[in-house]
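# Secondary and tertiary structure notes
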Amino acid sequence: MIIYGSKAVYIKSEQSKKSICISCGTQGSLTLSVFRRHAHIFWIPLFPIGKKGMSQCQHCKNVLKTKEMPEPIRKEYDILKNKAKGPIWQFTGLGILVVLIAWGSYVNGQDKKLETEYIVSPMDGDIYEYKIETNSYSTLKVTSVSKDSVFVSPNEYEISKKSRIYKINKSENYSEFSYGISKARLKEMYESGEIFDINR
Ligand SMILES: [Zn+2]
């Protein structure tokens, strides 16, 4: 169950000096108040979604919503509304989202950077996740590295789901023999996406 909705937060009030209460006729008795609404999810504020307001007569306690305000009161209210600033915390959710996106792209970038390093200077024990064909994935384990080649031992199992590939990465699944791939070919396989992940 997702709990979401909106909430209005009080931000500012001002006593009107000129306006006349439409209920009791007293001048200067109206307090104008501004609230800012924000959307929330699981009680975390996401972002502001506009302001609303009211006026209350301190003399007769009559309350008017913005829609009910006569023109002069409404004008005074609009001026107050425009200069009333809401609290920054009403942007909490949006802030979290921006941070998460930035962090995600940073981590992803670091990951790609590392993989590029792994491809250029392979090491014994590196695991390459690669695509055999659509819906068929397997892994190769680096057993030794020479000046221009990498020797890999193929996994004897394959799996149809890319995301489950870790399940077949067990040392007993790798065959006894290994074969060589040139470093240039390896780079090509990585750049074309045939090798889609490297674990060290
Ligand atoms: Zn009044």
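It should be emphasised that the depicted structure is a prediction, and the values quoted were computed from it without experimental measurement. Counting of residues starts from 1 at the beginning of each chain's written sequence and follows it residue by residue. In keeping with the predicted nature of the model, local features appear solely for residues at pLDDT of at least 70, side-chain atom pairs appear and are counted solely at 80 or more, and the whole-chain, interface and lining totals rest on all residues. Each side-chain value is worked out from all heavy atoms of the structure, with water and hydrogens disregarded.

### Some points on the overall build of the protein chain
Helix and strand assignments follow DSSP, with helices taken as H or I runs no shorter than four residues and strands as E runs no shorter than two, numbered in order from the N terminus. For the protein chain, the helix and strand inventory stands at three helices and nine strands. Across the protein chain, helices and strands are ordered from the amino to the carboxyl terminus as β-β-β-β-α-α-β-β-β-β-α-β. For 200 residues, the compact-globule formula gives about 16 Å, and the C-alpha radius of gyration of the protein chain, at 33 Å, lies well above that figure. Considering only C-alpha atoms, the protein chain reaches an extent of 100 × 35 × 25 Å along its principal axes. By residue count, 32% of the 200 residues in the protein chain fall in the buried class. Radius of gyration: over C-alpha atoms. The globule rule applied is 2.2 Å multiplied by the number of residues raised to the 0.38 power. Exposure categories follow from relative accessible area, calculated using a 1.4 Å probe and restricted to protein chains: below 20% of the type maximum is buried, above 50% is exposed, and the middle band is partly exposed.

### So, the domain arrangement of the protein chain
Each domain of the protein chain was delimited in the assignment, giving domain 1 (4–92) and domain 2 (116–199). An automatic or database domain assignment supplies the residue ranges for each domain. Taking only C-alpha atoms into account, the centre of domain 1 sits 64 Å from that of domain 2.

### Details of the coordination of the zinc ion
When a metal carries six donors in an octahedron, the ideal angles between them are 90 or 180 degrees, while four donors in a tetrahedron ideally lie at 109.5 degrees. Note on the zinc ion: its protein donors are Cys21 (SG), Cys24 (SG), Cys57 (SG) and Cys60 (SG). The metal-donor distances range over 2.3 Å. Around the zinc ion sit four donor atoms; with metal-centred angles ranging over 106 to 112°, the donor geometry is tetrahedral. Coordination partners: N, O, S within 2.8 Å of the metal, 3.2 Å for Na, K and Ca; water not considered, so apparent gaps in a site are possible. Mapping the donors of the zinc ion onto the primary sequence gives the spacing C-x2-C-x32-C-x2-C. Taken together, the residues Cys21 in the loop between strand E1 (4–15) and strand E2 (30–41) and Cys60 in the loop between strand E3 (44–57) and strand E4 (63–65) connect sequence positions 39 residues apart. Under this scheme a four-donor centre is tetrahedral when all angles range from 85 to 135 degrees, a four-donor centre is square planar and a six-donor centre octahedral when opposite donors are above 155 degrees with the rest from 65 to 115, and any other centre is irregular.

### Some points on the environment of Leu46
With respect to the helices and strands, the residue Leu46 is situated in strand E3. By relative accessible area, which is 23% here, Leu46 ends up partly exposed. Spatially, the C-alpha atoms of Leu46 and Ser6 are 9.4 Å apart, while their sequence positions differ by 40 residues. Only heavy atoms enter the contact rule, under which two residues are in contact if any of them lie within 4.5 Å. Every residue in contact with Leu46, bar those within four places of it in the chain, is listed here: Ala39, His40, Ile41, Gln90, Phe91, Thr92, Gly93 and Leu94.

### Some details on the side chain of Ser33
By the element assignment, Ser33 lies in strand E2. Here a polar contact is taken to be a pair of N or O atoms separated by no more than 3.5 Å, where protein atoms must pair a possible hydrogen donor with a possible acceptor and residues adjacent in sequence count only if both atoms sit in side chains. Side chain to side chain, Ser33 and Ser13 meet in a polar contact 2.8 Å long. Residues in contact with Ser33, not counting those within four places in the same chain, are Tyr10, Lys12, Ser13, Lys52, Gly53, Met54 and Tyr77.

### Structural notes on the confidence of the model for the protein chain
Think of pLDDT as the predictor's per-residue confidence, scored from 0 to 100. Looking at the protein chain as a whole, its pLDDT mean stands at 93, while 100% of the residues score no less than 70. Mean pLDDT in the protein chain bottoms out at helix H2 (residues 92–120), which sits at 91, and peaks at E4, which reaches 96.

### Concerning a nonpolar patch on the surface
Together, Phe47, Ile49, Ile88, Trp89, Phe91, Leu94, Leu97 and Ile101 make up a nonpolar patch on the protein surface, roughly 780 Å² of accessible area in all. Within the residue set of the nonpolar patch, elements represented by two or more residues are E3 and H2. Inspection of the secondary structure assignment puts Ile49 in strand E3. Patch building starts from residues that exceed 30% relative accessible area and form no salt bridge, then joins like charges within 9 Å and nonpolar side chains (Val, Leu, Ile, Met, Phe, Trp, Tyr) within 5 Å. Computed with the Shrake-Rupley method and a 1.4 Å probe, the accessible areas treat only the protein chains shown as cover for residues. Salt bridge criterion: a side-chain nitrogen from Lys or Arg within 4 Å of a carboxyl oxygen from Asp or Glu.

### Some thoughts on the side chain of His38
With respect to the helices and strands, the residue His38 is situated in strand E2. When its relative accessible area of 3% is taken as the criterion, His38 is described as buried. Within polar-contact distance, the side chain of His38 engages the side chain of Gln90 at 2.8 Å. Among all residues touching His38, those that are not within four sequence positions of it are Gly5, Ser6, Lys7, Val9, Pro45, Phe47, Pro48, Ile49, Trp89 and Gln90.

### What to know about the sheet that holds E1
Two strands make a pair as long as DSSP finds a minimum of two bridges between them. The four strands lie next to each other as E1-E2-E3-E4, forming an open sheet whose pairing is antiparallel. The two strands at the open ends of the sheet, each matched to only one other strand, are E1 and E4. Looking at each pair of strands side by side, their axes are set apart by 30° on average, direction ignored. Where E1 and E2 come together, 11 bridges link them in antiparallel fashion. By the bridge assignment, Val9 is partnered in E2 with Arg36. In this analysis an axis means a line fitted to C-alpha atoms, helices contributing only their contacting stretch, and an angle means the value between N-to-C directions, from 0 to 180 degrees. The sheet strands contacting helix H1 (residues 71–83) are E1, E2, E3 and E4, and the helix crosses E2 at an angle near 50°.

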